[in-house]
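What follows is the residue order along each chain.
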Amino acid sequence: MDPERALPDTTSGTASERGSAAPSPSPARPSRAHAAARRHRWLLGPALFLLGIVVVRAFFVTPFGIPSQSMQDTLLVGDRILVDRTSSPDELRRGDIVVFDASEAFNLDVPERGILQTVVEAVESLAGKGQPTDYVKRVIGLPGDHVRCCAADGRLEVNGVAVTEPYVAAGQRPSATTFDVTVPADRFWVMGDNRGASADSRAHLGEPGGGMVPGRDIIGKVWVRYWPLDRLGPVDPGHVAPVPRNGE
C-alpha cells in the first residue's frame, strides 16, 4: 500500500448516521496565571493604599515625632507633627520651625544600613519615626544674615537689630554661648527654643560649614501637631519681627 495514499474518512456523517451522540465540548479551564491573579487580587487595594502613603510622605506631608526637649515649650517630647514638604527654602522666614537632615551641617556619622534595616525604618517612618540624623529647630538666620549674641541688652541680634523671641522657653537666656556669624548663601542658622538644652548651630561652629544648614537638606516646615489630641492644631511659628537685610 502506498503510505502517502489518503485513507477513507470514517468520521464523516451526522451523529445519528454513526449511531452515537457527539461528545459535548468540555468547559475551558482557566490558565494558571489567571488563577494566580484571582488569588492575589485582594492584595491590590492594600498595595495601592501603601503606595499612596509613600507618595504623599515623599512629596507632600511627612509625620515626625519629637524625641527631645530642645524645642520645649513649643514642641514637647512625644508630640507628633506633620511637616509640609511643598515649601521651598526660598520661602522660609525667620522664626519658621523646620525639620532637616543634619548629617552634613552637624557633621554626623551616618551608619550603613542593610536592606532589612531600610525596610524596617521605612515602615517606622509611616508612624512618624524619623532618621537619627533628622532634627527639628527654628530658623533664626536666613542666607546673608549677620547673627550674633548678644546685643547690649542681652537679646539676640540680627543684622544689627536686637530681636524679641517670645518662643524661647521660660527662664532661658537667648544664648549662653557667644557667637558672631554671617550666614552664607543657601544656608540657614537654626536654634532650639529650649536654648540651654539644644545642640543646634551654636554647638557646631567648629564643624565644616559652621553649623549652618544647607537649603537642600531641609525636609520641610512644621505645619500642624496631630498628637496629643488636647494639643491638636497648627504650630505657631512665632516669626521674628522684621529686620533689614544685612548691610542695609
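Our structure is the block above this text.
Residues numbered from 1 in each chain as written. Predicted model: local features only at pLDDT ≥ 70, side-chain atom pairs only at ≥ 80, totals over all residues. Heavy atoms only, no water.

## What to know about the side chain of Asn194
Line of reasoning, step 1. Mapped onto the elements of the fold, Asn194 is located in the loop between strand S9 (187–191) and strand S10 (213–214).
Line of reasoning, step 2. We classify Asn194 as buried; its relative accessible area is 8%.
Line of reasoning, step 3. Residues contacting Asn194, with those up to four places away along its chain left out, are Gln69, Ser70, Met71, Gln72, Ala169 and Gln172. (Helix = DSSP H or I, 4+ residues; strand = E, 2+ residues; numbered from the N terminus. Buried < 20%, exposed > 50% of the residue type's maximum accessible area, 1.4 Å probe, protein only. Contact = heavy atoms within 4.5 Å.)

## Overview of unusual backbone geometry
Line of reasoning, step 1. Between Cys149 and Cys150 the backbone carries a cis peptide bond, its omega angle lying at 5°.
Line of reasoning, step 2. Looking at the element boundaries, Cys150 is found in the loop between strand S5 (146–149) and strand S6 (156–158).
Line of reasoning, step 3. Cis rather than trans, the peptide bond between Trp227 and Pro228 has omega equal to 0°.
Line of reasoning, step 4. Inspection of the secondary structure puts Pro228 in the loop between strand S11 (218–227) and strand S12 (233–234).

## Some words on the state of the cysteines
Line of reasoning, step 1. Taken as a whole and assessed by the stated rule, the structure comprises one disulfide.
Line of reasoning, step 2. Between the sulfur atoms of Cys149 and its disulfide mate Cys150 the distance is 1.7 Å.
Line of reasoning, step 3. On the basis of relative accessibility, which here comes to 6%, the residue Cys149 falls in the buried class. (Disulfide = S-S within 2.5 Å.)

## Things to note about the sheet that holds S6
Line of reasoning, step 1. Read across the open sheet, the four strands follow the order S7-S6-S5-S8; overall the sheet is antiparallel. The two strands at the open ends of the sheet, each matched to only one other strand, are strand S7 (161–163) and strand S8 (179–182). Taking each pair of neighbouring strands and ignoring which way they run, the sheet shows an average axis angle of 20°.
Line of reasoning, step 2. Pairing between S6 and S7: three bridges, direction antiparallel. Opposite Val158, over in S7, you have Val161 as the bridge partner. (Pairing = 2+ DSSP bridges. Axes fitted to C-alpha atoms, helices over the stretch in contact; angles between N-to-C directions.)

## As for the packing of aromatic side chains
Line of reasoning, step 1. For the coordinates displayed, the defined rule picks out four aromatic pairs.
Line of reasoning, step 2. Judged by centre distance (5.8 Å) and plane angle (90°), the ring pair of Phe100 and Phe106 falls under edge-to-face.
Line of reasoning, step 3. Feature note: the residues Phe100, Phe106 and Tyr135 constitute an aromatic cluster, connected by ring pairs.
Line of reasoning, step 4. Directly above the ring of Tyr167 sits Arg138, whose terminal nitrogen or CZ lies 3.8 Å from the centroid. (Phe/Tyr/Trp six-rings, centres within 6.5 Å; stacked < 30°, edge-to-face > 60°. Lys NZ or Arg CZ within 6 Å of the ring centre and 35° of its normal.)

## Some points on the pairing of strand S3 (residues 97–101)
Line of reasoning, step 1. With four of five residues buried, S3 is to be regarded as a mostly interior element.
Line of reasoning, step 2. Direction of pairing for S3 relative to strand S4 (residues 134–141): antiparallel, over a ladder of five bridges. Bridge pairing links Val98 to Lys137 in S4.
Line of reasoning, step 3. By the bridge criterion, three bridges tie S3 to S11 in an arrangement that is antiparallel. In the sheet register, Val98 faces S11, and the bridge partner there is Lys221.

## With respect to the side chain of Arg202
Line of reasoning, step 1. Mapped onto the fold, Arg202 is located in the loop between S9 and S10.
Line of reasoning, step 2. Only 3.5 Å separates the side chain of Arg202 from the backbone oxygen of Ser198, close enough to count as a polar contact.
Line of reasoning, step 3. Polar contacts involving the side chain of Arg202 include one to the side chain of Asp200, which spans 2.8 Å.
Line of reasoning, step 4. Discounting residues that sit within four places of it in the chain, Arg202 has contacts with Pro174, Ser175, Ala176, Phe179, Trp189, Met191 and Arg195. (Polar contact = N/O pair within 3.5 Å; in protein donor to acceptor, adjacent residues only side chain to side chain.)

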